[in-house]
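# Examining the three-dimensional arrangement
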Amino acid sequence: MTTSDALARLPKADLHVHQEATRYLDIILAEREGRDPYDWAAWRRRLAAEVPPGKERLQQIGSMQPVSIDHDSDDELFIGRFAALMRDHAAAGACYVEIRCGGEIATRDGFMSMFRQAERQVRAEYPRFHAEAMAIVIGAGQDRERADVFADACIRAAHEGLTGIDFLYSPYDSEADWAPMYRLAERFAAAGLGITAHAGELSTANIAAAANMPGLTRIGHGVHAASDPELLKLLVDRGVTLECALTCNEYFGVLPELEEHPLLRLVEAGVAVTLGTDNPIQLGTTIEQEYTRAAELGLSLDQLTGFTRNAIEAAFTSDGRKATMLGYLPGN
Ligand SMILES: [Zn+2]
């Protein structure tokens, strides 16, 4: 079996994908209306030509909504767009995906039951596939009252099956005030929710604060830790898993130009690494392409298998689902 065959057969897992709500709604509506979906390749070319890489380009990540989010109020479209994201992952070889939802999506009435309906549709075609949902808490330090109300709703949703929380905040590329987020994290951890946070995408800022957050076991991106031996040691000592997104880092230009992505250095330093697509429709990628890119950076098939193992072990899902998925891996 060639390496590319072995790579194609390897079960994959994506711990870092955003729901891309209006992008998937656009794809479904385009098919219904017999038109082409929004042209994201043209969008990428235009943005790359007009906006310099780094923080400025990253800030444009949500600037284009191809259709109105109002379509989300239609339950059939809502289930359909989650099923479409899951199906894209299953077709790309994923046995597991965790979908992080911004806005008030994850606390909407009946959310988890619709999410599970989408998962069942995809599992009918791909029986090994599993999915879980997370909520994103944004700007907890800016509006404490609103953050508390949202946290209450997330904890109620945890009883319905929501399994994780992701933190986003500002400033993102310099040290933020983590005290309001720690306060919420303690409540989430007590409710059994898994915790991750975006950090270390643009700079080393916030990586240490995230790693020390109560209940946190993962960091979204964190790749700038590779330039700081103390941060690497902290991540290893705390057993923090990094959710790395290669295409995303390259497109938004968040790492020093001309330097190779530090993925291999992170692995060699003993950090638990996983791969994610981040915004696959916008970026034109799949979880299979992310594994292929990692192989191109020099990661071996064993190391890539280790990424899936790391992802399953760090997944915000039940022990039973973890055991089932670990059983899919070669050597198990
Ligand atoms: Zn992200």
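The structure we're discussing is the one just above.
In this report, the structure presented in the accompanying data block is examined.

Definitions and limits used
Residues numbered from 1 in each chain as written. Predicted model: local features only at pLDDT ≥ 70, side-chain atom pairs only at ≥ 80, totals over all residues. Heavy atoms only, no water. Helix = DSSP H or I, 4+ residues; strand = E, 2+ residues; numbered from the N terminus. Rg over C-alpha atoms; globule rule 2.2 N^0.38 Å. Buried < 20%, exposed > 50% of the residue type's maximum accessible area, 1.4 Å probe, protein only. Contact = heavy atoms within 4.5 Å. Areas by Shrake-Rupley, 256 points an atom, 1.4 Å probe, with all protein chains shown as cover. 1 Å grid on protein atoms, 1.4 Å probe; cavity = no way out; pocket = protein on both sides within 12 Å on 5 of 7 lines; lining within 4 Å. Points joined across faces, edges and corners; volume = space filled by probe spheres on them. Arc of directions from axis to C-beta. Axes fitted to C-alpha atoms, helices over the stretch in contact; angles between N-to-C directions. Parallel < 35°, antiparallel > 145°, perpendicular 65-115°, else oblique. Nonpolar A, V, L, I, M, F, W, Y, C, P; charged D, E, K, R; others polar. Core = buried A, V, L, I, M, F, W, Y, C linked by side-chain atoms within 4.5 Å. Donors = N, O, S within 2.8 Å, 3.2 Å for Na, K, Ca; no water.

### Examining the overall build of the protein chain
Tallying secondary structure elements over the protein chain gives 16 helices and eight strands in all. Rg of the C-alpha trace for the protein chain: 19 Å, near the compact-globule value of 20 Å for 332 residues, within the 12% margin. Across its three principal axes, the protein chain shows a C-alpha extent of roughly 55 × 50 × 50 Å. Burial status across the protein chain gives 55% buried among its 332 residues. Summarising the internal contacts of the protein chain: among those between residues at least 6 apart in sequence, 73% fall at separations of at least 24. In the form shown here, the protein chain has an accessible surface area of approximately 14000 Å², with 49% of it arising from carbon and sulfur atoms.

### What about the layout of surface pockets?
In this structure, the largest pocket occupies an estimated 830 Å³ of space. In this structure, the largest pocket is lined by 33 residues; those nearest its centre are H18, I61, G62, I138 and L168. The set of elements that each furnish at least two residues to the lining of the largest pocket consists of α2 (21-33), α4 (55-58) and β3 (130-138).

### Notes on helix α14 (residues 287-296)
Among the residues of α14, I287, E290, Y291 and A294 are the ones counted as buried. The buried residues of α14 occupy one face: seen down the axis, they fall within an arc of 100°. Among the residues trailing α14, G298 stands out with phi positive, at a value near 105°.

### What to know about the packing of α2 against helix α5 (residues 75-91)
With their axes 9 Å apart at the nearest point, α2 and α5 run at an angle of 100° to one another. Taken together, the axes of α2 and α5 lie roughly perpendicular to each other. Contact residues: A21, Y24, L25, I28, L29 and R32 in α2; E76, L77, G80, R81, A84, L85 and D88 in α5. Here the contact of α2 with α5 is composed, by residue class, of eight nonpolar, one polar and four charged.

### Observations concerning the nonpolar core
Grouped together as the largest cluster of nonpolar side chains are 97 residues, with contacts concentrated most on F82, F111, F167, F188, I219 and L263. Considering each element in turn, this core owes the most residues, eight residues, to α5. A13, L15, Y96 and Y328 belong to the second largest nonpolar core, which has eleven residues in total.

### So, the coordination of the zinc ion
Protein coordination of the zinc ion is provided by H16 (NE2), H18 (NE2) and H198 (NE2), with donor distances spanning 2.1 to 2.2 Å. Spacing between the donor residues of the zinc ion along their common chain follows H-x1-H-x179-H. Of the two residues, H16 is situated in strand β1 (residues 12-18) and H198 in strand β5 (residues 194-199); the sequence distance between them amounts to 182 residues. Each member of the pair H16 and H198 is classed as buried.

Just geometry here; none of it tells us what the structure is for.
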